[in-house]
Number of protein chains: 2
Amino acid sequence: MARISVGLAQVNQVVGDFQGNSRKIIRYIRMAKSRGADVVLFPELSVSGYPPEDLLLRSDFLEENERALSRIVKATEDILAVVGFVRRNEHIYNSAAIIYNKKIHACYDKIFLPNYGVFDEYRYFGTGRHPLVFTFAGVTFGMTVCEDIWYPDGPHVVEAASGAEIIVNISASPYHFGKWGQRENMISTRASDTKSFFAYCNMTGGQDELVFDGASLFVNESGEVVGRLPLFEETLGVHTIDTESVFRERLHDPRVREEERRVRRAGELPVPVRIPGKRKAGKGGRKLKAGLSDPPPLEGEIFGALVAGTRDYVKKNGFEKVVIGLSGGIDSSFVACVAAEALGRENVIGVSMPSIISSQESIDDAKELARRLGIKLHMVPIGDMYESFLKSLEPLFSGRKQDVTEENLQARIRGMILMSLSNKFGYMVLTTGNKSEMSVGYATLYGDMAGGFAVIKDVYKTMLYRLSRYYNEVRKKVVIPERVLTKAPSAELRPDQLDTDTLPPYEVLDPILMSYIEDDCAIEEIVARGFPPSTVKKVVAMVDSNEYKRRQAPPGVRISQRGLGKDRRMPITNRFFGKS
Amino acid sequence: MARISVGLAQVNQVVGDFQGNSRKIIRYIRMAKSRGADVVLFPELSVSGYPPEDLLLRSDFLEENERALSRIVKATEDILAVVGFVRRNEHIYNSAAIIYNKKIHACYDKIFLPNYGVFDEYRYFGTGRHPLVFTFAGVTFGMTVCEDIWYPDGPHVVEAASGAEIIVNISASPYHFGKWGQRENMISTRASDTKSFFAYCNMTGGQDELVFDGASLFVNESGEVVGRLPLFEETLGVHTIDTESVFRERLHDPRVREEERRVRRAGELPVPVRIPGKRKAGKGGRKLKAGLSDPPPLEGEIFGALVAGTRDYVKKNGFEKVVIGLSGGIDSSFVACVAAEALGRENVIGVSMPSIISSQESIDDAKELARRLGIKLHMVPIGDMYESFLKSLEPLFSGRKQDVTEENLQARIRGMILMSLSNKFGYMVLTTGNKSEMSVGYATLYGDMAGGFAVIKDVYKTMLYRLSRYYNEVRKKVVIPERVLTKAPSAELRPDQLDTDTLPPYEVLDPILMSYIEDDCAIEEIVARGFPPSTVKKVVAMVDSNEYKRRQAPPGVRISQRGLGKDRRMPITNRFFGKS
């Protein structure tokens, strides 16, 4: 019987912050030791932050990364730490260092490199060639990094066949809604396939458009989740693993033995690296439990992602306060709530910028939202500025009738006011466009699209209603006024305007958009899902022709499997209109 | 002796335009036939346009691509055509179809997939496995696609060893300055290494930020360039190749024979596909020459790229006219010249938007430039609008002194005026920021950065002076007034402002930026190149902290090996400040 206590340090790192990242890792190493851990795991590339993108092409970046690792190595005593860093050899590798008593005993280079969706790892990394098995304190571990275990024949198979009882995985696995569940199922299958205990440590926090959900796991050899860390929270979970049950399970299941024979024939069995060391877990007999954090419902999950992503983008970029144009509509109301949760209500400034077209209800709703949320609200009517533009442009526009130009003017004046407050007071402007609008381009470039961060750019309008009601529920009071949730959406840029003048109702628009964007369906496939051909064609044409707007949009939290950022790389110049 | 005439159809395709692309290919097939060609080559992915990016993830896109290819196949008679398309099998491949007499006789899948710089081919394509050799009309050809021949041990080696006399390469090789020369040297080396004739067909024209230079080549077995098509021009070049000299060269050079033995031992010699057919070249004895187009000097090369890139972006996106804010400075003056060359002067509208800070010289220079270039110029003074903003913001700004806020307000009012003209009249706004400014963020987001296309975003200021003088020279008159080229650069957003108030002189700034951006140097390495540490640190910090602005910038022509687009993928959230 061998008992060992493993800690998962689900940390929130900042790309390029080698001082801060290494200090935090050292702090967590000490914390894990004091909590009785024999081993502590840190996420993929936790030294550099993830993804470092083209910083990886700079040799000074690589050097600092190695210096930061050296500091961590010096601080690692009486506990084994697994730390993700960039290993520089003939190429660079996405690696894990196995550190014990101030020494790196082995390094493992990631073998399966993702190069799809938001990932570009072939752009940078050499491919690891060798599975890694190491023994420590009487227990045998197999090493993997993120993508490695998403392949059924990943290195964990060979490692288990070579005797690994605990498969370690360090990840920087970005969130999209529902992903933690898929991941858990997958890891559960891998654990039960290989009859190994899985210790899975994922990064948490936001980095530009990505947010990492954490939700790190301990999964036993039967595939049961025995420990789960919370979503979107920096934390440490320590769990005592009894490897005796791995041995017993393998007695009854022939698959690992079979695999060992197969692998041995192919001459691929790695020789375990022996790391002399002792464990604490066996001695005192203390059995630690990481706990089983319950994931929230879908709305809570998404809300948590938006809050974490917004907080980290604002703070990691050195801002403290944000400013939001409050129209009295659901989009800006909800964004203000997310911002207040992320940064504290004292750090959220609302601005109401009515025109003569704005209804009194809208103005009142904005005020009411600000009051209920407890944030400051400025009033800047835009009438005079608008008139001044019309007058100056009159000689050029002579005789032309009003059109979208005048609507955009109003939106752009509002954008300029917010940017002026940003420039004068150092606030970051949060934009309030949702995914439905951003997809079809129902937004004004340099107008309501102007700002530093687009909180809900990956949230469809219909989901926004669900999230808003969820928020009122969990806050146990009506923060977002009921009228905001029930009135017909309007941009209020011309009299009596409604979104439905230009767009199909959101209950129709959103599923069409999901079919087109998330599922990459052809027009006739979307029609076959039960939508009118003319509507589908119109929506698809709007999406395609507004790529240029999205390209100039600020980043925002990615919550879906297909956001409008680097996981959807569409040309602007594009004459493809579906089947001819 | 076997003589064969090969045509290079250096076409300008549009991504996703299957109707237009296939019609053009069929037209060029007929043209090549009438010009006496036995074989005609089209660029890589000439059916779909390059790069199709994530359109490749849509199955309707792949289907239309195959349908377009079928149309081309049906139209191919009495001439062999090599056409780049997306082949769909168990995966998708970046392929070449070998078509003759209404039939596809073979397909070749690209083996070396680029996934660096602006390329993401691992994101989409399966890796080709087999070199392809085919015989036609008594001549043996080896097939390669783009990147394949950039590797010294690419498929051309095995193909030559298997008897290929002519190596065909179809490419979509994006321009950066100086690249055509490197490419020519490389192909010359490959030809002389393998003692093969190389027929290299490159795409031409612009696609979003990329511009393809064409400069297609015929290179003989001694490595001599015997035919060169012009840069940035859609054209067909036909050349008669006498393969007798390939045979004779190989008699004297043992390397191909040696390679054949090596490859045969490894069992990798491909079996030639036999395509029955006859050639015209041998009969009439007509010997065609593609000609040797002389490349222009560096300035002409870059100017050509800017013109081609701007013309194609504007036209392929359905615009005809452009509008440019003319400040009287060199940036906007030069952009107006590029636009006039690209679109015709009748399609370029200038707007002068003076403030009380604008000098009379600047206003006069803008007028003079417009007059000499022969473009329309509107005047829209911004004073009233500016005052109106100041008045509306006063209650919020009370007591605060003027700062960059007020400067940005002016720039943003100008941006709004241009965008209003765009909205009202359907012009595309061309922005005028150069690479020096875009790098350090010396530009106003939603102000002078507002627009559809950033013509010179990859041109450093010092190069801009060279290009402007070059333009005046080749036009054989002073289009850009001398004062524009000699006065001290100023944004004129506050009284007596000069660029050098904020930035080092451009002769210092530009080489620092090149060291940092193009060469990825560390701060101390730039200092070692002879620049003051404080200046270098300041410049680097400006570059890093303005990534958020560049992310919201419009696309522009990429002319360097490291543009500010998808070949430089930097995180916005980034705390790396070099060595600590």
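Remember, it's a predicted structure, so these values are computed and weren't measured experimentally.

Rules and cut-offs
- Residues numbered from 1 in each chain as written.
- Chains lettered and ligands numbered in written order.
- Predicted model: local features only at pLDDT ≥ 70, side-chain atom pairs only at ≥ 80, totals over all residues.
- Heavy atoms only, no water.
- Helix = DSSP H or I, 4+ residues; strand = E, 2+ residues; numbered from the N terminus.
- Rg over C-alpha atoms; globule rule 2.2 N^0.38 Å.
- Buried < 20%, exposed > 50% of the residue type's maximum accessible area, 1.4 Å probe, protein only.
- Contact = heavy atoms within 4.5 Å.
- Areas by Shrake-Rupley, 256 points an atom, 1.4 Å probe, with all protein chains shown as cover.
- Least-squares fit on C-alpha atoms with pLDDT ≥ 70 in both.
- Pairing = 2+ DSSP bridges.
- Axes fitted to C-alpha atoms, helices over the stretch in contact; angles between N-to-C directions.
- Buried area = accessible area lost by both parts, 1.4 Å probe.
- Salt bridge = Lys/Arg side-chain N within 4 Å of Asp/Glu carboxyl O.
- Polar contact = N/O pair within 3.5 Å; in protein donor to acceptor, adjacent residues only side chain to side chain.
- Parallel < 35°, antiparallel > 145°, perpendicular 65-115°, else oblique.
- Left-handed = near helix turned anticlockwise from the far one by under 90°.
- Nonpolar A, V, L, I, M, F, W, Y, C, P; charged D, E, K, R; others polar.
- Core = buried A, V, L, I, M, F, W, Y, C linked by side-chain atoms within 4.5 Å.
- pLDDT = per-residue confidence, 0-100.
- Phe/Tyr/Trp six-rings, centres within 6.5 Å; stacked < 30°, edge-to-face > 60°.
- Lys NZ or Arg CZ within 6 Å of the ring centre and 35° of its normal.

## Re the overall build of chain A
Okay, step 1: Counting its secondary structure elements, chain A contains 20 helices and 20 strands.
Okay, step 2: Radius of gyration (C-alpha) of chain A: 27 Å, near the 25 Å computed for a compact globule of 580 residues.
Okay, step 3: Dimensions of chain A, computed from the C-alpha atoms along their principal axes, are close to 85 × 55 × 45 Å.
Okay, step 4: Expressed as a percentage of the 580 residues in chain A, the buried residues total 66%.
Okay, step 5: For chain A, the proportion of contacts with a sequence separation of at least 24, taken over those separated by at least 6, is 75%.
Okay, step 6: For chain A, the accessible surface area stands at approximately 20500 Å², while carbon and sulfur atoms represent 51% of it.

## What to know about the relation of the copies chain B and chain A
Okay, step 1: It takes a turn of 180 degrees to lay chain B on chain A, together with a shift of 0.0 Å along the axis; the resulting RMSD is 0.0 Å. Read as a symmetry element, the transformation amounts to a two-fold axis. Relative to the rotation axis, the closest C-alpha in chain B is found at Gln552 of chain B, a distance of 2.1 Å.
Okay, step 2: When you check the interface residues of chain B against chain A, 100% turn up at the interface there too, and the contact is symmetric in its surfaces.

## Observations concerning the pairing of strand 10 (residues 204-207) of chain B
All names here are of chain B.
Okay, step 1: As defined by bridge partners, strand 10 adjoins strand 11 (residues 210-213) across four bridges and the pair is classed as antiparallel. Bridged to Gln207 within strand 11 is Leu210.
Okay, step 2: Linking strand 10 to strand 11, which pair antiparallel, is a turn of two residues; within it Asp208 sits at a positive phi near 50 degrees.

## Concerning the sheet that holds strand 20 (residues 453-454) of chain B
All names here are of chain B.
Okay, step 1: The strand order 18-17-16-19-20 describes an open sheet built from five strands, whose pairing is parallel. The open sheet is flanked by strand 18 (376-379) and strand 20, the only strands paired with a single partner.
Okay, step 2: Where strand 16 (residues 322-325) meets strand 19 (residues 428-431), two bridges bridge the pair, whose relative direction is parallel. Counterpart to Val323 in the pairing with strand 19 is Val429.
Okay, step 3: Sheet strands touched by helix 12 (residues 404-425): strand 16, strand 17 (348-352) and strand 19. Its angle to strand 16, the strand with the most contacts, is close to 170 degrees.

## Side note on the interface of chain B and chain A
Okay, step 1: Of the residues lining the interface, 90 residues belong to chain B; the matching set on chain A comes to 91 residues.
Okay, step 2: When the buried area of chain B at its contact with chain A is split by residue, Lys424, Arg575 and Phe576 of chain B rank highest and sum to 10% of it.
Okay, step 3: At the boundary of chain B and chain A, one finds 10 salt bridges.
Okay, step 4: Here chain B and chain A share 45 residue pairs in polar contact (both at pLDDT 80 or more) between them.
Okay, step 5: No other element matches helix 12 of chain B, which puts 14 residues into the side of chain B that touches chain A.

## Description of the packing of helix 9 (residues 330-343) of chain A against helix 14 (residues 461-474) of chain A
Residues and elements named next belong to chain A.
Okay, step 1: Closest axis-to-axis distance for the helix 9/helix 14 pair is 10 Å, and the angle between their directions is 50 degrees. Here helix 14 runs oblique to helix 9, going by the angle between their axes. For the crossing formed where helix 9 meets helix 14, the hand is left-handed. Contacts between helix 9 and helix 14 involve Ile330, Asp331, Phe334, Cys337 and Glu341 from the first element and Lys461, Leu464, Tyr465, Leu467, Ser468 and Tyr471 from the second.
Okay, step 2: Here the contact of helix 9 with helix 14 is composed, by residue class, of seven nonpolar, one polar and three charged.

## Considering the pattern of salt bridges
Residues and elements named next belong to chain B.
Okay, step 1: For the structure shown, the criterion picks out 92 salt bridges over all chains.
Okay, step 2: Among the ionic pairs, Lys102 bridges to Glu77, the shortest N-O distance being 3.9 Å. A residue pair is termed long-range when its members are at least 10 positions apart, and Lys102 in the loop between strand 4 (92-100) and strand 5 (103-109) and Glu77 in the loop between helix 2 (59-74) and strand 3 (80-88) qualify at 25 residues.
Okay, step 3: Overall, Lys102 belongs to the partly exposed group, its relative accessible area being 46%.

## As for the sheet that holds strand 1 (residues 3-10) of chain A
The strands that make up a sheet pair up through hydrogen bonds in the backbone, lying either parallel or antiparallel.
Residue and element names in this part refer to chain A.
Okay, step 1: Reading across the sheet, the six strands line up as 5-4-3-2-1-14 and stay open at both edges, with mixed pairing between neighbours. Single-partner strands in this sheet number two, and they are strand 5 (103-109) and strand 14 (235-242). Between one strand and the next, the sheet's axes are offset by a mean angle of 30 degrees, whatever the strand orientation.
Okay, step 2: As paired strands, strand 1 and strand 2 (residues 39-41) are joined by three bridges and run parallel to one another.

## Description of the environment of Ala37 of chain B
Residues and elements named next belong to chain B.
Okay, step 1: Here Ala37 is to be found in the loop between helix 1 (18-34) and strand 2 (39-41).
Okay, step 2: For the pair Ala37 and Ile4, spaced 33 residues apart in sequence, the C-alpha to C-alpha distance is 7.8 Å.
Okay, step 3: Each residue touching Ala37, except ones within four places of it in the same chain, is listed here: Ser5, Gly7, Ala32, Ile79, Val238 and Lys280.

## A closer look at the environment of Arg483 of chain A
All names here are of chain A.
Okay, step 1: Along the polypeptide, Arg483 turns up in helix 15 (residues 482-486).
Okay, step 2: Arg483 sits 122 residues away from Glu361 along the chain, and the two C-alpha atoms are 8.9 Å apart.
Okay, step 3: Apart from the residues within four sequence positions on either side, Arg483 is in contact with Glu361, Asp364 and Asp365.

## Observations regarding the nonpolar core
Okay, step 1: With 96 residues, the main nonpolar core has Phe389 of chain A together with Phe389 of chain B as its most contacted residues.
Okay, step 2: Look past the residues within four positions of Phe389 of chain A in its chain and what remains in contact with it is Leu409 and Ile413 of chain A together with Met385, Phe389, Ile413, Met416 and Ile417 of chain B.
Okay, step 3: Formed by 52 residues, the second largest nonpolar core is a distinct cluster that contains Trp180, Phe303, Leu464 and Val484 of chain B.

## Digging into the environment of Phe212 of chain B
Residues and elements named next belong to chain B.
Okay, step 1: Tracing the chain through its elements places Phe212 in strand 11.
Okay, step 2: On the accessibility criterion, Phe212 (1% relative accessible area) is buried.
Okay, step 3: Phe212 sits 202 residues away from Gln10 along the chain, and the two C-alpha atoms are 10.0 Å apart.
Okay, step 4: Contact partners of Phe212, with chain neighbours within four places excluded, come to Tyr50, Pro51, Ala172, Ser173, Pro174, Tyr175, Met203, Thr204, Gly205, Gln207 and Phe232.

## Description of the side chain of Arg550 of chain A
All names here are of chain A.
Okay, step 1: In this structure, Arg550 sits in helix 20 (residues 547-551).
Okay, step 2: The class of Arg550 is buried, set by a relative accessible area of 6%.
Okay, step 3: The contacts of Arg550, once residues within four sequence positions are left out, are Met438, Ser439, Val440, Val543, Leu564 and Arg568.

## Focus on the confidence of the model for chain A
Okay, step 1: In the predicted model, chain A carries a mean pLDDT of 96, and the fraction of residues at 70 or more is 99%.
Okay, step 2: Listed scores for the predicted complex are pTM 0.96 and ipTM 0.95.

## Focus on the side chain of Lys316 of chain A
Okay, step 1: Mapped onto the elements of the fold, Lys316 of chain A is located in helix 8 (residues 298-316).
Okay, step 2: Within the structure, Lys316 of chain A has its side chain in polar contact with the side chain of Asn12 of chain A (distance 2.7 Å).
Okay, step 3: Beyond its immediate chain neighbours, meaning those up to four positions away, Lys316 of chain A contacts Asn12, Gln13, Val14, Gly206 and Arg311 of chain A together with Thr573 and Arg575 of chain B.

## Remarks on the packing of aromatic side chains
One pair of aromatic rings is described through two measures. These are the centre distance and the angle between the planes.
Okay, step 1: One pass over the full model with this rule turns up 35 aromatic pairs over all chains.
Okay, step 2: Seen in terms of ring centroids, Tyr313 of chain A and Phe453 of chain A are 4.3 Å apart; in terms of plane orientation they differ by 15 degrees. Their pairing is stacked. A residue pair is termed long-range when its members are at least 10 positions apart, and Tyr313 of chain A in helix 8 and Phe453 of chain A in strand 20 (residues 453-454) qualify at 140 residues.
Okay, step 3: Look at Tyr313 of chain A and you get buried, because its relative accessible area is 3%.
Okay, step 4: Accessibility expressed as a relative area gives 0% for Phe453 of chain A, which makes it buried.
Okay, step 5: With 5.6 Å between their ring centres and 20 degrees between their planes, Phe425 of chain B and Tyr427 of chain B make a pair best called stacked.
Okay, step 6: Taken together, the ring pairs connect Phe18 and Phe61 of chain A together with Phe576 of chain B into an aromatic cluster.
Okay, step 7: Residue placement shows Lys424 of chain A over the ring face of Phe397 of chain B; its charged tip is 4.9 Å from the ring centre.

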